[in-house]
Amino acid sequence: MTEIQQPRVSKTDEEWRAQLSPDEYAVLRQAATERPYTGEYTDTETEGVYSCRACGAELFRSDTKFHSHCGWPSFYAPSDSDAVILKEDSSLGMRRVEVLCASCHSHLGHVFHGEGYGTPTDDRYCINSISMTLAPRQ
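Residues numbered from 1 in each chain as written. Predicted model: local features only at pLDDT ≥ 70, side-chain atom pairs only at ≥ 80, totals over all residues. Heavy atoms only, no water.

**Student:** Explain the pattern of salt bridges to me, and be specific about the residues and the numbers.
**Tutor:** Counted according to the given criterion, the structure contains eight salt bridges. Across the pair Arg95 and Glu88 runs a salt bridge, and its minimum N-O distance is 3.5 Å. Residue classification places Glu88 among the partly exposed positions, given a relative accessible area of 42%. What emerges from the salt-bridge pattern is a single network uniting Glu24, Glu40 and Arg53. (Salt bridge = Lys/Arg side-chain N within 4 Å of Asp/Glu carboxyl O. Buried < 20%, exposed > 50% of the residue type's maximum accessible area, 1.4 Å probe, protein only.)

**Student:** Residues and numbers for the sheet that holds strand β4 (residues 74-75), please.
**Tutor:** Taken together, the six strands give an open sheet; going across it, the order is β3-β4-β8-β7-β6-β5, and neighbouring strands pair in antiparallel fashion. The two strands at the open ends of the sheet, each matched to only one other strand, are β3 (65-66) and β5 (84-89). Taken together, the two bridges between β4 and strand β8 (residues 123-127) define a ladder with antiparallel strand orientation. Counterpart to Phe75 in the pairing with β8 is Tyr125. (Pairing = 2+ DSSP bridges. Helix = DSSP H or I, 4+ residues; strand = E, 2+ residues; numbered from the N terminus.)

**Student:** Account for the nonpolar core, naming residues and giving values.
**Tutor:** Counting 23 residues, the largest nonpolar core has Leu59, Phe60, Val84, Leu108, Tyr125, Ile127 and Met132 as the members making the most contacts within it. At the level of secondary structure, the elements contributing two or more residues to this core comprise α2 (22-30), β1 (48-52), β2 (58-61), β6 (96-101), β7 (107-113), β8 and β9 (132-136). Of all the elements, β6 adds the most residues to this core, at three residues. Those residues within four positions of Met132 in sequence are excluded, and the remaining contacts are Tyr41, Tyr50, Ser51, Arg53, Leu59, Phe60, Pro73, Phe75 and Ile127. (Core = buried A, V, L, I, M, F, W, Y, C linked by side-chain atoms within 4.5 Å. Contact = heavy atoms within 4.5 Å.)

Below is the structure:
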């Protein structure tokens, strides 16, 4: 797992609530999960850069996105090894690895390894669409 440092972007709970919609807040700040197949980026093939909806930090690039048919956007690697934090998650009676934005520590989703997708890393970063924005390549 990644060593967790202090976030570079830090706001009070009140500031996050003022900035984010209730659904964005639930996912990004309370680790909720959007319903599968409902997110705007689940099936998009637009080339560009995916950034954290809370702080704007770059997270993923479209060239690492793949169709996993799991109901959420999937990537095989973050855009930079320092873009995300990996944290053990034992909630819901399961052992998973949570993915957080390294800049503001917002919840993005989970990463799974060794599922046989044939990606270069054998990882599937399963990310909530609502936790990101996409800047299309110009």
